[in-house]
Amino acid sequence: MSVLLDISHIDMEFPTPKGPFTALRDVDLKIAQGEFVSLIGHSGCGKSTVLNVVAGLYQATRGGVILSGKEVTEPGPERAVVFQNHSLLPWLTAYENVELAVKQVFGKNKSKAEMREWIEHNLDLVHMSHAMHKRPDEISGGMKQRVGIARALAMQPKVLLMDEPFGALDALTRAHMQDSLMEIQAELNNTVIMITHDVDEAVLLSDRIVMMTNGPAATIGEILQVDLERPRHRLELADDPLYNQYRAKVLKFLHERHSKPDVPTKKSVPAKPNTAPAQTAGDIKETVDNAA
Amino acid sequence: MNTATVIATKFSGLKLPQLDGTFFSNAIRLVALPAAGILAFLLLWSVTAQNIDTSLGKFPGPAAVMEQFNALHDEHQRSREKEQAFYERQEKRNAERVAKDPNYQPKIRAYTGKETFLDQIITSLVTVMSGFLLAVAIAIPLGITIGLSQALNNAINPIIQIFKPVSPLAWLPLVTMVVSALYTSPDPLVAKSFLNSLITVTLCCLWPMVINTAVGVAGIDKDLVNVSKVLRLPALRHVQKIVLPASVPMIFTGMRLSLGVAWMVLIAAEMLAQNPGLGKFVWDEFQNGSSDSLARIMAAVLVIGLIGFLLDRGMLALQKLVSWDKTAN
Ligand SMILES: Nc1ncnc2c1ncn2[C@@H]1O[C@H](COP(=O)(O)OP(=O)(O)OP(=O)(O)O)[C@@H](O)[C@H]1O
Ligand SMILES: [Mg+2]
């Protein structure tokens with residue numbers, strides 16, 4: 001397994017009026033080409049922060065991110081982001097939103113006709129061809145999210161970063177989108193990091209589920225390898241004992257964190273940064289032991 | 001319907017009758033009620049006017065003002081006829097002299113009659129629009145730059161905050177002196193008085209536009225800025241594709257605000273400086289002190305109000321045309 005993306009021991013401190021706030025401590029993760037990894041954890045633990053560091057929108061205080069052997073220092077289209085609230089430009093149509101990205105990334109290499117074809121192809125991939133000349137305020141939430149995904153895919157990124165892409169959608173639309181995403185993933189073999197709050201979504205889509213401890217100074221608590229055969233079908237999986245086992249494991253992790261969220265992290269509050277790392281390491285060991 | 005109207009109807013205390021067809025309720029809302037309001041105003045005006053005696057006679061009621069509108073129109077017609085006649089005579093005289101002496105260089109003099117009411121309206125309109133456009137050309141680039149750079153914002157903000165509350169009329173003497181000192185071409189392209197009024201208008205428009213533009217630019221949705229960063233849009237393209245469209249609603253708010261204030265200030269400046277325009281018309285009539293003066297001033301007041309209203313509507317129409325955000329009102 002060759003490593004495409006190496007998130008190497010990153011710490012993230014935010015300067016706040018009350019002094020530095022340590023959001024992440026020693027987050028370390030290696031991701032292979034074509035892998036689908038989801039990040040799960042309680043609200044506010046630091047999932048978005050991890051994603052933003054990989055995207056280059058935040059600079060890690062310590063450690064760094066290496067993508068195909070090169071360190072990430074700024075945002076770029078090879079790490080496309082699908083934002084939680086679609087963030088389409090409201091004054092452009094679906095087509096134009098994707099076009100802006102395509103022109104910027106392929107403007108020099110593709111002819112006008114090729115670009116047009118590529119834009120339409122990507123909108124087709126997310127089943128948005130019928131409404132591609134509509135503006136964001138004329139289409140539904142699910143459709144906007146599809147366009148957001150099309151825009152990201154159209155950049156042909158090495159890694160696709162998705163921050164709760166379906167969080168704002170109703171259950172039915174969500175299921176549709178998950179199926180679409182699996183299809184696209186099967187076809188393009190993208191490398192994906194997706195943040196989610198939804199345990200079923202995580203198990204259904206992921207090759208690995210990365211569970212994060214509660215903040216402050218959040219880190220990776222446990223990683224679950226999901227060895228379910230692809231293509232996966234949600235209805236068949238519902239009765240699959242292995243699927244339910246995975247599901248239970250994630251739920252258990254989250255529940256333990258939730259019922260006593262302070263126990264493992266209280267010791268490593270950011271006030272004493274020089275003593276904290278040792279304890280964090282202990283925490284990780286503890287959680288892994290817990291889970292095993 | 002937007003929230004503002006909803007709230008307005010909720011709290012106006014005036015319950016509209018719930019008719020079945022929206023056509024009827026719309027007809028009442030858009031035609032009948034405004035008409036009733038105007039009618040009531042006219043009635044109140046004529047009754048009140050009858051009871052106010054001034055040294056120039058009774059305060060003019062609607063009828064007297066209407067009469068003056070006609071008189072002003074006639075005066076304009078007559079003045080145009082005179083002008084026409086003047087040019088015809090001049091042309092004829094020149095033609096005769098050229099016929100006598102082929103080497104004669106015909107002199108063409110401009111007609112210098114008194115400006116009519118319509119001339120004054122046009123002067124004021126041209127002045128306000130020129131000053132406004134000059135302000136747009138300065139304020140929008142400046143506002144965008146300030147909005148994009150926190151450091152620049154910190155540097156310039158105190159200056160803006162201090163100059164913003166200053167009435168542009170306070171600048172007028174300074175502007176007049178500076179223009180007289182610096183604008184000394186023997187064959188000026190535009191009159192000094194025009195330049196004075198124009199600069200006053202520009203000064204007045206500048207601050208609200210700079211502030212609104214800067215606030216709009218600084219307040220762009222962070223996600224949209226992140227999209228631009230992920231795409232690595234170059235600075236100029238970032239401004240063109242993200243910043244400008246995103247802040248168009250705020251820019252227009254600033255433009256409408258300034259144009260409204262500019263129109264008011266211009267009239268006052270024209271009165272104060274005796275610069276040609278509607279303000280001068282009002283002042284001249286006041287100095288004139290004939291029995292028609294008050295009615296003529298009242299006519300000017302109505303025209304000033306109407307033009308101010310039309311300017312605002314015009315800006316709104318332009319905003320609707322240009323902006324992606326169609327909810328403005
Ligand atoms: N720019 C910032 N400045 C200061 N603190 C921040 C900043 N961004 C995030 N944080 C803090 O870092 C912690 C992690 O935030 P983050 O947004 O990554 O959480 P999250 O796991 O994505 O939460 P959610 O699931 O609710 O989206 C939070 O306590 C948050 O308050
Ligand atoms: Mg988040």
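Reading the values: the criteria
- Residues numbered from 1 in each chain as written.
- Chains lettered and ligands numbered in written order.
- Predicted model: local features only at pLDDT ≥ 70, side-chain atom pairs only at ≥ 80, totals over all residues.
- Heavy atoms only, no water.
- Helix = DSSP H or I, 4+ residues; strand = E, 2+ residues; numbered from the N terminus.
- Rg over C-alpha atoms; globule rule 2.2 N^0.38 Å.
- Buried < 20%, exposed > 50% of the residue type's maximum accessible area, 1.4 Å probe, protein only.
- Areas by Shrake-Rupley, 256 points an atom, 1.4 Å probe, with all protein chains shown as cover.
- Phe/Tyr/Trp six-rings, centres within 6.5 Å; stacked < 30°, edge-to-face > 60°.
- Lys NZ or Arg CZ within 6 Å of the ring centre and 35° of its normal.
- UniProt positions renumbered as here; feature names shortened; annotations may be inferred.
- Contact = heavy atoms within 4.5 Å.
- Buried area = accessible area lost by both parts, 1.4 Å probe.
- Salt bridge = Lys/Arg side-chain N within 4 Å of Asp/Glu carboxyl O.
- Near = heavy atom within 4 Å.
- Polar contact = N/O pair within 3.5 Å; in protein donor to acceptor, adjacent residues only side chain to side chain.
- Nonpolar A, V, L, I, M, F, W, Y, C, P; charged D, E, K, R; others polar.

Side note on the overall build of chain B
Right, so step 1: Along its length, chain B carries 11 helices and two strands.
Right, so step 2: For chain B, whose C-alpha radius of gyration is 26 Å, the value lies well above the compact-globule estimate of 20 Å for 329 residues.
Right, so step 3: With the C-alpha coordinates of chain B rotated into their principal frame, the extents come out at 80 × 60 × 40 Å.
Right, so step 4: Counting over 329 residues, chain B shows a buried share of 33%.
Right, so step 5: In the structure as shown, chain B presents an accessible area of about 19700 Å², 67% of it carried by carbon and sulfur atoms.

A word on the packing of aromatic side chains
Right, so step 1: Applying the stated criterion across every chain yields a total of 11 aromatic pairs over all chains.
Right, so step 2: Here the aromatic rings of Phe117(B) and Phe281(B) are separated by 4.6 Å at their centres, their planes lie at 45°, and the arrangement is tilted. Residue Phe117(B) is located in helix α4 (residues 117-148), and its partner Phe281(B) is located in helix α10 (residues 278-288); the two are separated by 164 residues in the primary sequence.
Right, so step 3: Residue class for Phe117(B) comes out buried when judged on its relative accessible area of 8%.
Right, so step 4: An aromatic cluster of at least three residues, connected via ring pairs, comprises Phe86(B), Tyr87(B) and Tyr111(B).
Right, so step 5: Stacked on the ring of Phe106(A), the Lys or Arg Lys110(A) has its end atom at 4.6 Å from the ring centre.
Right, so step 6: One cation-aromatic arrangement involves Lys110(A) over Trp118(A); the distance from NZ or CZ to the ring centre is 5.1 Å.

Focus on the UniProt feature "domain: ABC transmembrane type-1" (unreviewed entry) in chain B
Right, so step 1: Under the UniProt annotation, the feature "domain: ABC transmembrane type-1" (unreviewed entry) is placed at residues 121-315 of chain B.
Right, so step 2: Annotated as residues 121-315 of chain B, this span is 86% helix and 0% strand, and its ends, taken at the C-alpha atoms, are 19 Å apart.

Focus: the interface of chain B and chain A
Right, so step 1: Counting residues at the interface gives 16 residues for chain B and 24 residues for chain A.
Right, so step 2: It is Val230(B), Leu231(B) and Arg232(B) that lose the most area in chain B upon contact with chain A, and together they represent 36% of the buried surface on that side.
Right, so step 3: Across the contact surface, chain B and chain A share two salt bridges.
Right, so step 4: The shortest N-O distance in the salt bridge between Arg232(B) and Glu78(A) comes to 3.9 Å.

Remarks on the site of ligand 1
All names here are of chain A.
Right, so step 1: Around ligand 1, the surrounding shell holds 13 residues, and the nearest of these are Ser 43, Gly 44, Lys 47, Ser 48 and Thr 49.
Right, so step 2: Within the backbone of Cys 45, an N or O atom sits 3.3 Å from an oxygen atom of ligand 1.
Right, so step 3: Alone, ligand 1 offers 630 Å² of accessible surface; in the complex the protein occludes 65% of this.
Right, so step 4: At the level of secondary structure, the elements contributing two or more residues to the shell around ligand 1 comprise β2 (19-32) and α1 (47-55).
Right, so step 5: It is α1 that contributes the most residues to the shell around ligand 1, three residues altogether.
Right, so step 6: Class assignment of the residues belonging to the shell around ligand 1 gives a composition of five nonpolar, six polar and two charged.

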